[in-house]
Amino acid sequence: MDHMTRVAVIGAGLGGLTVAGLLQRDGFAVTVFEQASEFWRIGAGIILGASTAKVLRRLGLEEALVQTGIRPDAFVSRDVATGTVLNDMPFDAAAEARFGGAFVNIHRADLHRLLLSRLAPRTVRFGHRLLGLDETGDGVRLSFADGLVAEADIVIGADGIRSVVREAILGHEPPRYVGKVAIRAVFPRARAPGVPMRDCTKWWGEDRHVLAYFMTERRDECYVMAAIPDDRWDADTPPAPGSRDTFLDAFPTAHPELRQLLMATENVSLLPICDRPRRDVWSSGRTVLMGDACHAVRPFMAAGGAMAIEDAAVLARAITTFDEPEQAFARYAAIRIPRVGDVQRISAENSWLRVPGETDWFFGYDPFAAPVDRAA
Ligand SMILES: Cc1cc2nc3c(=O)[nH]c(=O)nc-3n(C[C@H](O)[C@H](O)[C@H](O)COP(=O)(O)OP(=O)(O)OC[C@H]3O[C@@H](n4cnc5c(N)ncnc54)[C@H](O)[C@@H]3O)c2cc1C
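None of these values were measured; they are calculated from a predicted model. (Residues numbered from 1 in each chain as written. Predicted model: local features only at pLDDT ≥ 70, side-chain atom pairs only at ≥ 80, totals over all residues. Heavy atoms only, no water.)

J.: Lay out the nonpolar core in plain terms, naming residues and giving numbers.
T.: Grouped together as the largest cluster of nonpolar side chains are 103 residues, with contacts concentrated most on Leu142 and Ile156. Ranked by the residues each element gives to this core, the list is headed by helix 10 (residues 304-321), at ten residues. In this structure isoleucine 156 touches Val7, Ala8, Val9, Ile10, Val19, Leu23, Val288, Met290, Leu315 and Ile319, once residues within four positions along its chain are discounted. Formed by 32 residues, the second largest nonpolar core is a distinct cluster that contains Val195, Ala235, Leu248 and Leu261. (Core = buried A, V, L, I, M, F, W, Y, C linked by side-chain atoms within 4.5 Å. Buried < 20%, exposed > 50% of the residue type's maximum accessible area, 1.4 Å probe, protein only. Helix = DSSP H or I, 4+ residues; strand = E, 2+ residues; numbered from the N terminus. Contact = heavy atoms within 4.5 Å.)

Laid out in C-alpha cells, this is it:
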C-alpha cells in the first residue's frame, strides 16, 4: 500500500504501539485511538523472549529495552512444595547468540513508555473509545463514544481481549474465563531481606503456580504472579484488591523460600484469567485484528505480549508489501496463525519450560524472516 494510506490503529497497547511505530517508520500516516485518557503505571511485569528484542531492534529500542529491564541469568523451574529444581535454562551470551536476541523482563509501563517514545507527537489520541465501524466502499468510518467520527483507509484492531473491532468482524463472543484467578504483587526487595531469589523463577504446583522475578537490573523490586483455581469468578468479575493472605492461603505448604517471599507481598491485586478459543478469521475487508483482539492466550507461557509484538512486525511488512488490504491481511494471517496456534495450545497446557525441552522454535523466531512477498 502506498504512503497515502490512512491507517487507524485502535488501542495503544503493546501491539498497537508497535505496529504504529513500524508503519510510521515506513512513512505511513498512522493515528492510534486509545480509550484511556492517559497511561498510568499499573503494577505488573512482563517477560519477553528474543523475538521481541528483534522487533524493538527495528524501532531502535533494543538497547533501551535491555537497559531498562533485566536480562535474567536463567529461567528456573522449581517444585512448589519441595523446591526441587526441575529446569534451569541459562540466558547467557550463548543463548542470546543462538536465539538472536536477549530475553528481557521489564515493567509493563516502562515498555509502553519506550514504544510510545518512537511515535511522532500526537500520534496517539487518548480518550477515544471506539463504539463501532462501517466500511464505506473505499474506506472505513469509525465512531467513538465521545462523538468523534473518523475516516481511515485501513483499520487495525489492537484493542485487546474485549475488542470492539473483533466484535464488528466476528459478532459478540465474550472472553472465556479459564477457571483461574491471577494474584499479582509488586513490592520492594527490601521487604524480603535474606530470602533467596533468582532472577526469574516459576514455582510449579499440581493445579497452580507462582512466577517471581525482577523487572530491572537493580533487583530492588520484586514482581510475583500466581494463578490459582477458583470457580467463583467469571470473565466479567472486575479486578479486585487482595492481600498477602490471598497468596499465603493459596500456598499453605509451599517451600520455605517461596513462603517467605509471599509473606513479603503487598499491594496485592486479583483478576480473572481469560482467553479465547482459537478462531482463524483475522480480518474482513479493510479491517484486521492483532494481538489479544484476535488470539488472547492464557498467560501461562508468558507469550501473549510477544505474540502481539510479533504480529505487529508481520502485519507492518504485509501492509508495506501489498497494494490491496485483503491480500496483505490474508498473507499476514497465513504466516501468523500456525505460530500463534502452537502458542495458544501450549499456553493452555501450562507446560512451557517446566522441564528442559526444545525451545529454539519459540525463542529463535524472527518475524522479519518469513517471506511476505507475492511470490511466496
Ligand atoms: C496476569 C497476566 C500476565 C501476563 N504476562 C505476560 C508475560 O509475561 N509475557 C507476555 O508476553 N505476555 C503476558 N501477558 C499477556 C499480555 O499482557 C497480552 O497478551 C498483551 O498485553 C496483549 O497486547 P495487545 O496490544 O494485544 O492488547 P492490550 O495490551 O490489552 O492493549 C489493548 C489496548 O486497547 C485499548 N482499548 C480497548 N478497547 C478499546 C476501544 N473500544 N477503543 C479504544 N481503545 C480500546 C485498551 O485500553 C488497551 O490500551 C500476561 C497477561 C496477563 C493477564
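There's plenty left to go through after this.
J.: I'd like a description of the pairing of strand 13 (residues 200-204), backed by residues and values.
T.: Within strand 13, five of the five residues are buried, which leaves the element mostly enclosed by the surrounding structure. The side-chain alternation of strand 13 yields two buried faces, one formed by Cys200, Lys202 and Trp204 and the other by Thr201 and Trp203. Note that strand 4 (residues 74-79) and strand 13 share four bridges and pair parallel. Paired with valine 76 across the two strands is threonine 201, which belongs to strand 13. Relative to strand 14 (residues 209-214), strand 13 runs antiparallel, the two being bridged by five bridges. Counterpart to tryptophan 204 in the pairing with strand 14 is histidine 209. Taking the residues between adjacent antiparallel strands as the criterion, strand 13 and strand 14 are bridged by four residues. (Pairing = 2+ DSSP bridges.)

J.: If you had to explain the packing of aromatic side chains to someone new, which residues and values would you point to?
T.: One pass over the full model with this rule turns up twelve aromatic pairs. Ring plane angle 50° and centroid distance 5.9 Å describe the contact between tryptophan 352 and phenylalanine 363, whose orientation is recorded as tilted. Highlighted residues: tryptophan 352 in the loop between helix 11 (325-349) and helix 12 (360-363) and phenylalanine 363 in helix 12, separated in sequence by eleven residues. With relative accessibility at 2%, the residue phenylalanine 363 sits in the buried group. Here the aromatic rings of tryptophan 361 and phenylalanine 362 are separated by 5.6 Å at their centres, their planes lie at 65°, and the arrangement is edge-to-face. A relative accessible area of 29% places tryptophan 361 in the partly exposed class. A residue is classified by how much of its surface remains accessible, and phenylalanine 362, at 4% relative accessible area, is buried. (Phe/Tyr/Trp six-rings, centres within 6.5 Å; stacked < 30°, edge-to-face > 60°.)

J.: If you had to explain the packing of helix 1 (residues 14-25) against helix 10 to someone new, which residues and values would you point to?
T.: Look at helix 1 against helix 10: their axes get within 8 Å of each other, and the N-to-C directions meet at 30°. With respect to each other, helix 1 and helix 10 are oriented roughly parallel. The way helix 1 lies across helix 10 gives a crossing that is right-handed. Residues Leu14, Gly15, Thr18, Val19, Leu22 and Leu23 of helix 1 lie in contact with helix 10, whose contacting residues are Gly305, Ala308, Ile309, Ala312, Ala313, Leu315, Ala316, Ile319 and Thr320. Taken together, the residues of the contact of helix 1 with helix 10 break down into eleven nonpolar, four polar and no charged. (Axes fitted to C-alpha atoms, helices over the stretch in contact; angles between N-to-C directions. Parallel < 35°, antiparallel > 145°, perpendicular 65-115°, else oblique. Left-handed = near helix turned anticlockwise from the far one by under 90°. Nonpolar A, V, L, I, M, F, W, Y, C, P; charged D, E, K, R; others polar.)

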